[in-house]
Amino acid sequence: MVHINILKKTAYVLLVLLGLLTICVWRQTRKGYYVPVTKQSKSFPFGRTLGRWDILTSRVLSNKAVNDNVQAAATAAFQVKLDKEKDCISPRPPGDNSGLKSKKSQGKVNVWNENSSSKNLIPRLQKVRKNYLTMNKYNVTYKGQKNSAKPSPEKLLCQLQDRVKVTMIHWSDNPFNTSQWQNRLPQKNFSQVVGHLGRCAVVTSAGSLKFSHLGPEIDSHDAVLRFNEAPTRGFQDDVGEKTTIRLVNSQVVAVEEQKFLTETLYNTGILIVWDPAPYHSEIYEWYRRPDYSFFENYKTYRKRHPDQPFYILNPRMQWALWDVIQENSLEDIQPNPPSSGMLGIVIMMTLCDEVNVYEFIPSKRQTDVCHYYQRFRDRACTMGAYHPLLFEKNLVKHINQGTDESIYTYGKVTLPGFRQVRC
């Protein structure tokens, strides 16, 4: 009888351990891609996520990419213990730069390595990156150089200032110069509406902003830019509540589930929508085949809110910025547009004297949680998949004028506005 009881207890313990292991594997597997079904594309069966990752504007995956992704995620799940990449362990910042001392730092802190490469990606994301390079959805035919050595921060700032022009679609742009667009586009020039700005904040949607208590500091800026559906209500202590500009991707405007036409979140500040275009195409080419057909909802919104400043970002900007990123990366970067975060940073550098960016470069609070207002997890939100996010972060870290301590503690990067750059 004693032996039977011991066997029963042993069996119960084994069942409990098996259950816990199953839960861990399931949670790890959930870190794979969130790929919602879309009604937009006939050529590709999957669309970019509805603001679930920053990758905030993550777009189309091919069937091959999805299949590879699932297989890689399953493999990663069974290697949870070996890789020590459990949910309960916070990932270290990328790059083998432990104890790296920045010229701007007084102490040793572990922050983003500006020389990070695709080798820093986990196998799943390396495979996805290669798939995007093969797909080349936007017909990228880059003919420029790739600098073998990074230029100085000053020269890189001059490249951005000279080559990346932030402009909005104007009523005189073909095919927007028609009767159906009459009185739909804002009459006032974007720069006139915004004016001259001093200190500005760019607030990403990163999960690491939660419990940051950065709200008061963020609200102390003259202007604040936010992204997509990122809320402030209920999160004021961490992200503040001031919203001067909100940059949204076209999916937010086009997809009914996003409730763009009825959600009051979008009624504050200046709105800007952007949509990917074929590589360096003319505006009329993009207009015929946008990534998401957002134009009708844009016109409806303008009719309902005629006094709300709402602009369409000229798609030429995104590829001019992409060219600069590629030119200063030794590797081939994803042939997809830059992230909303990178676009927002350059927009504010055009408008402001100083730009403080929060949690674009991750702090000590780095997490796989994609957004501070959601629980969805994916390492791609930090390292990039659809967007060349890893290479964007390298560039931003290189031109940072703040300290590594500010990045480590606050996730804060300080950049000069283009008006302050002398070329």
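Keep in mind that what you see is a predicted model, and the values were worked out from it rather than measured. (Residues numbered from 1 in each chain as written. Predicted model: local features only at pLDDT ≥ 70, side-chain atom pairs only at ≥ 80, totals over all residues. Heavy atoms only, no water.)

A.B. asks: Is there a simple way to explain unusual backbone geometry in this structure?
C.D. replies: For residues other than glycine, phi is negative in most cases, and the peptide bonds are mostly trans. Between Asn174 and Pro175 the backbone carries a cis peptide bond, its omega angle lying at 10°. We note that Asn136 has phi near 45°; this positive angle belongs to a residue other than glycine. In this fold, Asn136 is placed in the loop between helix H4 (123-135) and helix H5 (153-163). The backbone of His213 sits at a positive phi, close to 60°, despite the residue not being glycine. (Helix = DSSP H or I, 4+ residues; strand = E, 2+ residues; numbered from the N terminus.)

A.B. asks: Which parts of the structure should I look at to understand the confidence of the model for the protein chain?
C.D. replies: Caution applies to low-pLDDT parts of the model: their predicted coordinates are not meant to be read in detail. Averaged over every residue, the pLDDT of the protein chain is 82; residues scoring 70 or more account for 75%. Note that pLDDT drops below 50 for residues 28-106; the model gives that stretch 191 contacts with residues more than four away or on any other chain. (pLDDT = per-residue confidence, 0-100. Contact = heavy atoms within 4.5 Å.)

A.B. asks: Any chance you could explain the state of the cysteines here in plain terms?
C.D. replies: In a disulfide, the sulfur atoms of two cysteines are covalently bonded to one another. In total, this model carries three disulfides according to the counting rule given. With a sulfur-sulfur separation of 2.0 Å, Cys200 is cross-linked through a disulfide to Cys352. The chirality of the disulfide connecting Cys200 with Cys352 is left-handed, given an S-S dihedral of about -90°. With a gap of 152 residues between them, Cys200 in strand S1 (residues 197-203) and Cys352 in strand S6 (residues 352-358) connect regions that are remote in the sequence. Across the pair, exposure class does not vary: Cys200 and Cys352 are buried alike. The disulfide partner of Cys370 is Cys381, and the gap between their sulfur atoms is 1.9 Å. (Disulfide = S-S within 2.5 Å. Buried < 20%, exposed > 50% of the residue type's maximum accessible area, 1.4 Å probe, protein only.)

A.B. asks: Hey, could you run me through the nonpolar core in this one?
C.D. replies: Within soluble globular proteins, side chains that are nonpolar tend to cluster in buried spots. Of all hydrophobic cores here, the largest spans 70 residues; its most connected members are Phe190, Met348 and Leu351. At eight residues, helix H13 (residues 340-351) tops the list of elements feeding residues into this core. Leu351 has contacts with Phe190, Val194, Gly195, His196, Leu197, Ile245 and Arg419, leaving out every residue within four places of it along the chain. Membership of the second largest hydrophobic core comes to 25 residues, among which are Val253, Val273, Tyr292 and Phe295. (Core = buried A, V, L, I, M, F, W, Y, C linked by side-chain atoms within 4.5 Å.)

A.B. asks: Whenever I open this one, the packing of aromatic side chains confuses me. Can you help?
C.D. replies: Within a pair of aromatic rings, the relevant descriptors are the distance that separates the centres and the angle that separates the planes. Considering all chains together, one arrives at 25 aromatic pairs under this definition. Measuring from ring centre to ring centre gives 5.8 Å for Trp181 and Tyr298, while their planes differ by 40°; the resulting arrangement is tilted. Taken together, the residues Trp181 in the loop between H5 and helix H6 (190-194) and Tyr298 in helix H11 (residues 295-304) connect sequence positions 117 residues apart. A ring pair is formed by Phe260 and Tyr301, whose centres lie 4.9 Å apart and whose planes are at 35°; its orientation type is tilted. Of this pair, Phe260 sits in the loop between helix H9 (250-254) and strand S4 (270-274) while Tyr301 sits in helix H11, and the two are 41 residues apart along the sequence. The exposure classification of Phe260 matches that of Tyr301, with both residues buried. Geometry around Trp181 places Lys299 over its ring, the cationic atom sitting 5.0 Å from the centre. (Phe/Tyr/Trp six-rings, centres within 6.5 Å; stacked < 30°, edge-to-face > 60°. Lys NZ or Arg CZ within 6 Å of the ring centre and 35° of its normal.)

A.B. asks: Just checking my understanding: could you explain the environment of Asn113 for this structure?
C.D. replies: Here Asn113 shows up in the loop between helix H3 (80-83) and H4. Sequence separation between Asn113 and Lys397 is 284 residues, and the spatial gap between their C-alpha atoms is 7.9 Å. Looking at Asn113, its side chain comes within polar contact range of the main-chain nitrogen of Asn115, at 3.0 Å. (Polar contact = N/O pair within 3.5 Å; in protein donor to acceptor, adjacent residues only side chain to side chain.)

A.B. asks: How should I be thinking about the pattern of salt bridges in this particular structure?
C.D. replies: Side chains that carry opposite charge are capable of pairing whenever their charged atoms lie near each other. Taken as a whole, this structure holds 13 salt bridges when the rule is applied. A salt bridge links Arg163 to Glu327; its shortest N-O distance comes to 3.0 Å. Separated by 164 residues along the polypeptide, Arg163 in helix H5 and Glu327 in helix H12 (residues 316-327) bring together distant segments of the chain. You can call Glu327 buried: its relative accessible area is 8%. The salt bridge involving Arg419 is made with Asp353; its shortest N-O contact spans 3.2 Å. Placement of the pair is Arg419 in the segment after strand S7 (412-416) and Asp353 in strand S6, with a sequence separation of 66 residues. On the basis of relative accessible area, Arg419 is assigned to the partly exposed category, the value being 31%. Overall, the relative accessible area of 23% leaves Asp353 in the partly exposed class. (Salt bridge = Lys/Arg side-chain N within 4 Å of Asp/Glu carboxyl O.)

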